[in-house]
Amino acid sequence: MDVPARRGLVNITPQVSEVVKESGIKEGLCLVNAMHITASVFINDDESGLHQDYERWLEELAPHEPVSSYQHNRTGEDNADAHLKRQIMGRGVVVAITDGKLDFGPWEQIFYGEFDGRRRKRVLVKIIGE
Ligand code: ZN
């Protein structure tokens with residue numbers, strides 16, 4: 001992942017679906033997790049109003065500014081808010097694979113949540129089953 005802004009949400013469902021397809025697994029489990037402590041992987045609706053609501057809600061809970069209000073930032077970093085936002089939105093998800101496809105509830109999509117972007121980060125996909 002390489003989100004060009006400090007924060008952003010990316011629908012990674014097409015990429016994860018492609019990995020499931022390539023695996024050839026028909027019945028199993030698919031784990032997807034962010035490999036960084038300032039990014040999340042979570043499941044919800046792909047709806048722009050909701051995404052704006054997340055941004056506002058997370059900024060209310062853990063505002064980026066003032067950067068000096070966080071103990072963590074005394075290390076010289078400025079991303080304490082990103083660590084907290086990641087904690088709220090979660091590290092990753094596990095989705096059932098049924099008939100060779102991700103078995104979602106209505107409107108469910110997998111998102112990568114970036115909270116301290118403008119650099120390359122990784123997402124791990126691990127699939128087990130038969
Ligand atoms: Zn940090």
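Structural notes on the overall build of the protein
Turning to step 1, where the next piece is worked out: Looking only at helices and strands, one finds three helices and seven strands in the protein.
Turning to step 2, where the next piece is worked out: When the helices and strands of the protein are read in sequence order from the N terminus, they spell out β-α-β-β-α-α-β-β-β-β.
Turning to step 3, where the next piece is worked out: C-alpha extents for the protein along the principal axes are approximately 50 × 30 × 20 Å.
Turning to step 4, where the next piece is worked out: Every one of the 130 residues in the protein was classed for burial, and the buried ones make up 36%.
Turning to step 5, where the next piece is worked out: Across the protein, contacts joining residues at least 24 apart in sequence account for 80% of those joining residues at least 6 apart.
Turning to step 6, where the next piece is worked out: Total accessible area computed for the protein in this model is approximately 7600 Å², and 53% of it derives from carbon and sulfur atoms.
Turning to step 7, where the next piece is worked out: Within the protein, the 21 negative side-chain charges are centred at a point lying 7 Å from the centre of the 16 positive side-chain charges.

What about the coordination of the zinc ion?
Turning to step 1, where the next piece is worked out: Bound to the zinc ion are the protein donor atoms His72 (NE2), Glu77 (OE), Asn79 (OD1) and His83 (NE2), situated 2.1 to 2.5 Å from the metal.
Turning to step 2, where the next piece is worked out: Around the zinc ion, the four donor atoms sit at angles spanning 84 to 155°, and that spread fits a shape best called irregular.
Turning to step 3, where the next piece is worked out: Read in sequence order, the donor residues coordinating the zinc ion give the pattern H-x4-E-x1-N-x3-H. Taken as a pair, Asn79 and His83 share a single burial class, namely buried.

With respect to a nonpolar patch on the surface
Turning to step 1, where the next piece is worked out: Nonpolar side chains collect at one region of the surface, where Leu29, Leu31, Met35, Val94, Leu124 and Ile128 lie side by side and expose about 480 Å² of accessible area between them.
Turning to step 2, where the next piece is worked out: Those elements giving two or more residues to the nonpolar patch turn out to be strand S2 (28–34) and strand S7 (123–129).
Turning to step 3, where the next piece is worked out: Of note, Met35 is situated in the loop between S2 and strand S3 (39–44).

Some thoughts on unusual backbone geometry
Negative phi values dominate among residues other than glycine, just as trans dominates among peptide bonds.
Turning to step 1, where the next piece is worked out: Here the amide bond leading from Glu65 into Pro66 is cis, since omega sits at -5°, within 30 degrees of zero.
Turning to step 2, where the next piece is worked out: For Pro66, the location among the structural elements is in the loop between helix H2 (48–61) and helix H3 (80–89).
Turning to step 3, where the next piece is worked out: Its identity as a non-glycine residue notwithstanding, Trp107 has a phi of 75°, on the positive side.
Turning to step 4, where the next piece is worked out: With respect to the helices, strands and loops of the structure, Trp107 is situated in the loop between strand S5 (101–102) and strand S6 (109–114).
Turning to step 5, where the next piece is worked out: Positioned with a positive phi, Arg118 is a non-glycine residue whose angle comes to about 70°.

Here we look at the packing of aromatic side chains
Turning to step 1, where the next piece is worked out: Applying the stated criterion across every chain, the model contains two aromatic pairs.
Turning to step 2, where the next piece is worked out: Ring geometry for Phe42 and Tyr54: centres 5.5 Å apart, planes at 70°, overall edge-to-face. In this pair, Phe42 sits in strand S3 while Tyr54 sits in helix H2, placing the two residues 12 residues apart along the sequence.
Turning to step 3, where the next piece is worked out: On the accessibility criterion, Tyr54 (13% relative accessible area) is buried.
Turning to step 4, where the next piece is worked out: The interplanar angle of 20° and the centroid separation of 5.7 Å between the aromatic rings of Phe42 and Phe111 together place this pair among those described as stacked. Placement of the pair is Phe42 in strand S3 and Phe111 in strand S6, with a sequence separation of 69 residues. In this pair, the class of Phe42 matches that of Phe111, namely buried.
Turning to step 5, where the next piece is worked out: Ring pairs connect the aromatic residues Phe42, Tyr54 and Phe111, which therefore count as one cluster.

Criteria and thresholds
Residues numbered from 1 in each chain as written. Predicted model: local features only at pLDDT ≥ 70, side-chain atom pairs only at ≥ 80, totals over all residues. Heavy atoms only, no water. Helix = DSSP H or I, 4+ residues; strand = E, 2+ residues; numbered from the N terminus. Buried < 20%, exposed > 50% of the residue type's maximum accessible area, 1.4 Å probe, protein only. Contact = heavy atoms within 4.5 Å. Areas by Shrake-Rupley, 256 points an atom, 1.4 Å probe, with all protein chains shown as cover. Lys, Arg positive; Asp, Glu negative; His and termini not counted. Charge placed at Lys NZ, Arg CZ, Asp CG, Glu CD. Donors = N, O, S within 2.8 Å, 3.2 Å for Na, K, Ca; no water. Tetrahedral: all angles 85-135°; square planar, octahedral: opposite > 155°, others 65-115°. Patch = residues over 30% accessible without salt bridge, like charges linked within 9 Å, V, L, I, M, F, W, Y side chains within 5 Å. Salt bridge = Lys/Arg side-chain N within 4 Å of Asp/Glu carboxyl O. Phe/Tyr/Trp six-rings, centres within 6.5 Å; stacked < 30°, edge-to-face > 60°.

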